[in-house]
Amino acid sequence: MEKPFPLITCGMCSKPYNDPRTLPCLHSFCLQCLHHEIEKSGSQQMFQCLICEQNTSIPVGGASVLPQNLHLGFEVEVAGYMSKMVNSSEVCCDECVDGRNGLAVVFCCMCHQFLCKVCRDHHSSSRKLSKHKTVLLDQAGARQLHTCMKPRDHYCSQPNHEDNKLNFYCKTCSMLVCRDCTTVTHKSHSVEELSTVAKSFQMEITGALEYAKEVVTKLTGATDENNRMREQAEISKRAAFLAVNQAFEILQQTLEERKKTLLSELGAILLPKTTALTLQKEQFEKMVGDIGHYTDMASQILETHTDHEIVALGGLIATELQATLKRVQTISFTPNQHSNITVSVETYGLDRQLSKLGEIIVFSRSPSSSIWTSISVARLGTRYQVKVQSKTSNRVKYPHGGVEVKGEMRSKTHNGAVVYGEVEDHRDGTYTITLTSQTAGPHQLLITMDGQHVQNSPSDLDVRPKRDYHTLCDAQQVIQCNRPACVAIHDNGDIYVGSRNNCIYVFDQAGQLKNTIGSRGNGDGQFCNPSGISIKGEMLYVADTKNHRVQKLTSSGRFLRKFGKEGSGQGQFIRPLAVIIDSNNKLIVSDCDNRRIQIFNENGGWLLTIDVKGSGNHSFQSPWGLALEPQGNIHVAACGTNTIKVFTKEGIYVRMYGDPNGPSGIAIDDEGYSLVSEWSGNCLSIYDPEGNKIHTVGSLKNPWGTALDHRDGSVLIPNYGSNTVLKYCV
């Protein structure tokens, strides 16, 4: 047997709703129930919803002016009909009041009436009523009511208006009214047709629903992010707990090992002392025993023996007793090893340090504090990589990955065309965004973290057509510098020049001297003929040629570390002439007089040697300048053989190209073009990616190195013979 259809009941009286009214919290109750609840609360201003416990202000006029829930009233009516249809075995016809034509067999969904067979037939034959939908009085028929039954028309309750439908809405009173009411009690009010107001509310509700969807989407995203952050917090918690436990386990182990060491040392010191004292004690006890033996015999003879007996044994006893006493005189009565032992385990101060051991540091990433390597100029169709470092609000590096980082290159023309970057999360708080420019002209570069712009984002970006090196002719800027030997460019545009004056000069973009790093000598931060420099971020690396080493400093000149010394062993140098840094922070050094290239980690740990001695295409003399092509291969200026040699980072020979006269420096742009300074040829030669010479810039004087400013594509050359650094713009 199927379950009966439940009636929709009020939450206060638990009976079917009677004239349901809706509160601001959208919960509905019977009008009479609300009157009773307000009266029971004793307050004329506020009462509490029994379902959600939200406080509701009592409107002027009481509960009667609360909006009617007409739909809920209709649902109650439908539920009542449905229950009656399936729960009652006999339902009287609503048309046959006296029931003379029998029991009802159908229900008219339009008239809201139960009909007997006779009335049903009359209903069907009536032109006005024949189109009304009727359903049988069973479970199936009851279930059809929701789809076929329509709400009744609502009529005015004002006297003499009972036949008027409520087809208007008074905005002033916020109530439904009939046409006659609009001309009488609501004459001067703001009144509109019901359909117009309904459409307005529909549009308002639709807009609110759309906005609600957006808010829910954001909240869902925020919830997902919250879940991710909670997971990350849990991971961080476990890692922190593990770190604390490991640290104190190590500390406990160290203390335990130290305790064992001290006890072992103490035992080693005390053992010979106690052994010596034991032996001395045993000697004392033996002497006492020997003396006691002879003195006992002597006393006994003196007390009990006759003269004959005394004479017979007295001589022997006296002799042995005296001999024993003489032996006693040969030993020391002072205890051996009498020195005191003091153990010093000074804990004062240490216990205070241990009580404060450890520190909890909370990292909270801050997009506005995060930094990135911006670019101001890009080449059409060229891939660029932007490095992003997330930081905390205190500008400390945020050490974890998992942040949502996005990069966009947005054209200010071309209908705002957007290029989205590919983001690589290195899981250590750093990210690499790769973008390829597709349209020339002004752009904006936007870098966001968790939906917020990082520091200096957005920034302007000028995408230019590909370089035309054939236009290189005269230098656009000349920087006076004594004996320049090498050059490198900081991300901020500062120009670092290694000088044979045994220092590093730092110039701003206008060519004004900002700083001088180092002096002549072999101490930390001092140089002897620095011939190669490279800078990445805030780290400066210098090939300190005649000190046969490489030094690592900050960009401001503070010494950090050094590695290498004169020699031919692994990690040693004889006149290193150049140093460069790859994308993995590996250092590549040309070890000139050892005829090899050595590769190190960023802290100077040796990794690989590329030997260029011997015979064959791979071999040459005097490796000088170094550069990396976009694919990562190493280009070496082979000064001794007037060629450029190319090797993989694993040291495998690839090819050679060019015929430069004394190549000293080399730089490679992002398209693979090589720019080679020729010390003996007094020129700059440019080669395409295939190794074909396409252009030469002459009138130089012993150019030593070459550097490219990847921000704007300009070329810088230390012109050693004229004591200048020349800047060419492409």
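In case you missed it, the structure is sitting above this.
Read on for a plain summary of the structure.

Cut-offs applied
Counting from 1, residues in each chain are numbered in the order their sequence is written. Where totals are concerned, whole chains, interfaces and linings use all residues; where local detail is concerned, this predicted model gives features only for residues with pLDDT of at least 70, and gives and counts side-chain atom pairs only at 80 or more. Note that water and hydrogens are dropped before the side-chain values are worked out from all heavy atoms of the structure. Per the convention used, a helix needs a DSSP run of H or I reaching at least four residues, while a strand needs a run of E reaching at least two, with both numbered from the N terminus. Throughout, radius of gyration means the C-alpha value; the globule benchmark is 2.2 Å times the number of residues raised to the power 0.38. The buried label goes to any residue with under 20% of its type's maximum accessible area, the exposed label to any with over 50%, and the partly exposed label to all in between, with areas taken from a 1.4 Å probe on protein chains only. We call two residues in contact when some of their heavy atoms are within 4.5 Å. With residues, only the protein chains shown are counted as cover, and all accessible areas are computed by Shrake-Rupley using a 1.4 Å probe. Only four residue types enter the tally: Lys and Arg on the positive side, Asp and Glu on the negative side, with His and both chain ends excluded. Here the site of a charge means NZ on Lys, CZ on Arg, CG on Asp, or CD on Glu. We define a salt bridge as a side-chain nitrogen of Lys or Arg found within 4 Å of a carboxyl oxygen belonging to Asp or Glu. Aromatic rings from Phe, Tyr and Trp, with only the six-membered ring used for Trp, were paired whenever their centres fell within 6.5 Å, and each pair was classed as stacked if the ring planes differed by under 30 degrees, edge-to-face if by over 60, and tilted otherwise. This arc is taken over the directions from the axis of the helix to the C-beta atoms. DSSP bridges decide pairing: two strands pair if at least two such bridges lie between them. Here the term cavity refers to a set of points on a 1 Å grid, laid over the protein atoms alone, in which a 1.4 Å probe fits but cannot get out; the term pocket refers to an open set having protein on both sides within 12 Å along at least five of seven lines, with lining residues being those that place an atom within 4 Å of a point. Grid points are joined across faces, edges and corners, and a volume is the space filled by probe spheres set on the points. Throughout this entry, Asp, Glu, Lys and Arg are counted as charged residues, while Ala, Val, Leu, Ile, Met, Phe, Trp, Tyr, Cys and Pro are counted as nonpolar. The remaining residues, Gly among them, count as polar. The axes used here are C-alpha line fits, helices contributing only the stretch in contact, and every angle between their N-to-C directions lies in the interval 0 to 180 degrees. What goes into a patch is any residue over 30% in relative accessible area without a salt bridge, connected to like charges within 9 Å or, for nonpolar side chains (Val, Leu, Ile, Met, Phe, Trp, Tyr), within 5 Å.

### With respect to the overall build of the chain
Of regular secondary structure, the chain possesses 8 helices and 44 strands. Whereas a compact globule of 730 residues would reach a radius of gyration of roughly 27 Å, the chain reaches 50 Å, over 25% beyond that. Classification of the 730 residues of the chain by burial places 39% in the buried group. Within the chain, residue pairs in contact and separated by at least 24 positions form 49% of the contacts whose partners lie at least 6 positions apart. Total accessible area computed for the chain in this model is approximately 41300 Å², and 52% of it derives from carbon and sulfur atoms. Looking at charge distribution, the chain has the averaged site of its 74 positive side-chain charges lying 5 Å from that of its 75 negative ones.

### Quick notes on the pattern of salt bridges
On inspection of all chains with the given rule, the structure shows 21 salt bridges. Note that Lys-514 is salt-bridged to Asp-494, the shortest N-O span being 2.8 Å. In this pair, Lys-514 is assigned in strand E25 (residues 513–517) and Asp-494 in the loop between strand E22 (484–489) and strand E23 (495–499), connecting sequence segments 20 residues apart. The buried category is assigned to Asp-494, whose relative accessible area is 8%. Among the ionic pairs, Asp-611 bridges to Lys-613, the shortest N-O distance being 3.1 Å. Connected through shared salt-bridge partners, Glu-234, Lys-237 and Arg-238 make up one network.

### A few points about the packing of aromatic side chains
Considering all chains together, one arrives at 17 aromatic pairs under this definition. Look at Tyr-469 and Tyr-673: their rings are 5.7 Å apart centre to centre, the planes differ by 50°, and that puts the pair in the tilted class. Of the two residues, Tyr-469 is situated in the loop between strand E20 (459–464) and strand E21 (477–480) and Tyr-673 in the loop between strand E38 (663–668) and strand E39 (674–678); the sequence distance between them amounts to 204 residues. Among the aromatic residues, those joined into a cluster by ring pairs are Trp-624, Trp-679, Trp-704 and Tyr-720.

### Regarding helix H1 (residues 31–41)
Turning to H1, its buried residues number three or more, namely Leu-31, Cys-33, Leu-34, Glu-37 and Ile-38. Buried residues of H1, viewed axially, fall in a sector of 155°; they line one side. Opposite the buried face of H1, at more than 90 degrees from it, the exposed residues are Gln-32, His-36, Glu-39 and Lys-40. A positive backbone phi angle near 75° is found at Gly-42, which sits one or two residues after H1.

### Here we look at the pairing of strand E40 (residues 683–687)
Most of E40 is tucked away, with 5 of its 5 residues classed as buried. Neither face of E40 is exposed, since Cys-683, Ser-685 and Tyr-687 on one face and Leu-684 and Ile-686 on the opposite face are all buried. In this sheet, E40 lies alongside E39 in antiparallel orientation, the contact comprising 5 bridges. For Ser-674, the partnering residue across the bridge sits in E40 and is Tyr-687.

### So, empty space enclosed by the protein
Using the criterion set out here, one finds 1 cavity of 30 Å³ or more in the structure. Quantified by volume, the largest cavity comes out at close to 40 Å³. Here the lining of the largest cavity is composed, by residue class, of 3 nonpolar, 2 polar and 3 charged.

### Points about the sheet that holds strand E28 (residues 549–554)
Taken together, the 4 strands give an open sheet; going across it, the order is E26-E27-E28-E29, and neighbouring strands pair in antiparallel fashion. Two strands lie at the open edges of the sheet, namely strand E26 (530–536) and strand E29 (559–563), each paired on one side alone. The sheet shows a mean angle of 20° between the axes of neighbouring strands, taken without regard to direction. As judged from the 6 bridges shared by strand E27 (residues 539–544) and E28, these two strands associate in the antiparallel manner. Counted as the bridge partner of Tyr-541 is Lys-552 from E28.

### Structural notes on a nonpolar patch on the surface
Together, Val-244, Phe-248, Leu-350, Leu-354 and Leu-357 line one region of the surface with nonpolar side chains, adding up to about 400 Å² of accessible area. Those elements that place two or more of their residues in the nonpolar patch are helix H6 (194–304) and helix H8 (350–355). With respect to the helices, strands and loops of the structure, Phe-248 is situated in helix H6. By relative accessible area, which is 35% here, Phe-248 ends up partly exposed.

### Examining the sheet that holds strand E10 (residues 191–193)
With respect to topology, 3 strands assemble into an open sheet ordered E9-E8-E10, the strand pairing being antiparallel. A strand with exactly one partner marks an edge of an open sheet, and here the two such strands are strand E9 (175–177) and E10. Taking each pair of neighbouring strands and ignoring which way they run, the sheet shows an average axis angle of 35°.

### As for unusual backbone geometry
For the peptide bond that leads from Ser-457 to Pro-458, omega is 0°, which places it in the cis range. Relative to the elements of secondary structure, Pro-458 occurs in the loop between strand E19 (452–453) and E20. The phi dihedral of Asn-529 is positive, around 55°, even though this residue is not glycine. Residue placement: Asn-529 occurs in the loop between E25 and E26.

### A few points about the environment of Leu-607
As for its position among the elements, Leu-607 is in strand E33 (residues 606–611). Leu-607 sits 75 residues away from Asn-682 along the chain, and the two C-alpha atoms are 36 Å apart. When residues no more than four places from it in sequence are discounted, the contact partners of Leu-607 are Lys-586, Ile-599, Phe-600 and Asn-601.

### Side note on the side chain of Thr-56
Positionally, Thr-56 belongs in strand E4 (residues 55–57). Excluding anything up to four places from it in sequence, Thr-56 contacts Leu-23, Pro-24, Gln-45, Met-46 and Phe-47.

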